[in-house]
Amino acid sequence: DPEHAGTNGFQAGSSFKTMVLVAALREGYGANTMVDGTSPCTVQFPGHNPYTPGNYEGEGGGVTNLVSATAHSINCAYVRLAAAVGLDNVEETAHDLGITSSLKVHDCDCLTPSLSLGGLDIGVSPLEMASAYATIAADGVYHKPYFIEKVLDRHGNVLFRGGGKGEQKIPVQVARQAVSILKSVVTSGTGTRASLGKYPVFGKTGTAQDYTDAWFVGSTRQLAAAVWMGSPK
């Protein structure tokens, strides 16, 4: 089953902030929207106890624009952004982009504030993450992952072809805004080691709690990839 291939899922860390970013862009936020990254922070989500996140990656900061908050992976900015956008919208956006795993906590079948930072309650596979970023690279068109490109008979006739035309899941302009903002991660933020020089790259780094998982998920115009490092156990 391509939707569950490879792993049972790992914490996505800050690489999951892209889902919050796209959800915010869908709600009308933009690159120059100012967000409060002041740290430390305690944020109130409706129906939850106040949430005080740790800073596993990136930097703290004051009030800054969405580009800078993304490039420097500022947790407090993204937690406040997720609270403003709504966890339901973040979940919907993640599934639209290509995340197939449940994002709810099993004990309560509910979303929790740590969703905004790819925290303890989230287990996603590298395949899902690569698929989600590929949707952004493809102007918002989702293509379900598949293993087999095509099967030919001995005469070269196509017996089977994998894949399909895809489905427009997010608006083209939203996808292009996300690409533009996520390029800053590679040009001047936490992901500069992912630069390919003349080939434009967009993406997001991610570090889980206690540094148990490390990610870079990103894409050029032609190829999306997810790199995960950690223990399979």
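For the structure itself, consult the block above.
The following paragraphs examine the structure supplied in this document. These numbers were taken from a predicted model, which means no experiment stands behind them. Counting restarts for each chain: residues are numbered from 1 in the order of the written sequence. Reporting of local features is limited, given that this is a predicted model, to residues whose pLDDT is at least 70; pairs of side-chain atoms are given and counted only at 80 or more, and all residues count toward the totals for whole chains, interfaces and linings. Hydrogen atoms and water are omitted, and side-chain values are computed over all heavy atoms in the structure.

1. Some points on the overall build of the chain
Summing up its helical and strand segments, the chain has 6 helices and 9 strands in all. Over its C-alpha atoms the chain spans a radius of gyration of 18 Å, differing by no more than 12% from the 17 Å that the globule rule assigns to 233 residues. The C-alpha extent of the chain, read off along each of the three principal axes, is 65 × 45 × 35 Å. Only protein chains enter the accessibility calculation, which uses a 1.4 Å probe; a residue is then buried when its area is under 20% of its type maximum, exposed when over 50%, and partly exposed in between. Across the 233 residues in the chain, those meeting the buried criterion constitute 46%. Only heavy atoms matter for contacts: two residues are in contact if any of them lie within 4.5 Å across the pair. Put simply, of all contacts in the chain between residues at least 6 apart along the chain, 67% involve residues at least 24 apart. Every helix listed is a DSSP run of H or I at least four residues long, and every strand listed is a run of E at least two residues long, numbered separately from the N terminus. To get the radius of gyration, use the C-alpha atoms; to get the globule rule, take the number of residues to the power 0.38 and multiply by 2.2 Å.

2. Observations concerning the side chain of threonine 205
Assignment of secondary structure puts threonine 205 in strand E7 (residues 202-207). For threonine 205, the side chain forms a polar contact with the side chain of threonine 190, separated by 2.6 Å. For the purposes of these results, a polar contact is taken to be a pair of N or O atoms within 3.5 Å, where, inside protein, one atom must be able to donate a hydrogen and its partner to accept one; residues adjacent in sequence count only when each atom of the pair is a side-chain atom.

3. Digging into the state of the cysteines
Cysteine sulfur atoms are paired as a disulfide whenever they fall within 2.5 Å. What the rule picks out here adds up to 2 disulfides. Here cysteine 41 engages in a disulfide with cysteine 76; their sulfurs sit 2.2 Å apart. Judged by the sign of its S-S torsion, about -90 degrees, the cystine formed by cysteine 41 and cysteine 76 is left-handed. With cysteine 41 in the loop between strand E1 (34-36) and strand E2 (63-65) and cysteine 76 in helix H3 (residues 75-85), this pair connects stretches of sequence that are 35 residues apart.

4. Quick look at the pattern of salt bridges
A carboxyl oxygen of Asp or Glu within 4 Å of a side-chain nitrogen of Lys or Arg is what we treat as a salt bridge. Taken as a whole and assessed by the stated rule, the structure comprises 6 salt bridges. Among the ionic pairs, arginine 80 bridges to aspartate 36, the shortest N-O distance being 3.7 Å. Highlighted residues: arginine 80 in helix H3 and aspartate 36 in strand E1, separated in sequence by 44 residues. Residue aspartate 36 is classed as partly exposed on the basis of its relative accessible area, which comes to 30%. Three or more residues are tied together by salt bridges with common partners; here these are Asp139, Arg176 and Arg221.

5. Comments concerning the nonpolar core
Within the largest apolar cluster, 51 residues are counted, with the highest numbers of intra-cluster contacts made by Phe16, Met19, Tyr78, Leu81, Ile99, Leu103 and Met129. Among the secondary structure elements, those contributing two or more residues to this core are helix H1 (17-26), helix H2 (66-71), H3, helix H4 (87-97), helix H5 (126-137), helix H6 (172-188) and strand E8 (213-219). Remark: nonpolar core denotes a set of buried residues (Ala, Val, Leu, Ile, Met, Phe, Trp, Tyr, Cys) joined through side-chain atoms within 4.5 Å.

6. Side note on a nonpolar patch on the surface
Like-charged residues are merged into a patch within 9 Å and nonpolar side chains (Val, Leu, Ile, Met, Phe, Trp, Tyr) within 5 Å, provided each residue has over 30% relative accessible area and no salt bridge. For accessible areas, the Shrake-Rupley method is used with a probe of radius 1.4 Å. Any residue's cover is judged against the shown protein chains and nothing else. On the surface, a nonpolar cluster with roughly 510 Å² of combined accessible area is contributed by Phe147, Ile148, Val151, Leu159 and Phe160. Tracing the backbone through its elements, the reader meets phenylalanine 160 in strand E5 (residues 158-161). What makes phenylalanine 160 partly exposed here is its relative accessible area of 43%.

7. Quick look at the packing of aromatic side chains
By convention, a stacked pair of Phe, Tyr or Trp rings (six-membered ring in the case of Trp) has centres within 6.5 Å and planes under 30 degrees apart, an edge-to-face pair has planes over 60 apart, and any other such pair is tilted. For the structure shown, the criterion picks out 3 aromatic pairs. Arranged with centres 3.9 Å apart and planes meeting at 15 degrees, the rings of phenylalanine 10 and tryptophan 228 form a pair that is stacked. Of the two residues, phenylalanine 10 sits in the segment before H1 while tryptophan 228 sits in strand E9 (residues 224-230), which places them 218 residues apart along the sequence. Ring geometry for phenylalanine 45 versus tyrosine 51: centroids 6.4 Å apart, planes at 70 degrees, classification edge-to-face. The pair formed by phenylalanine 45 and tyrosine 51 is uniform in burial state, with each residue classed as buried.

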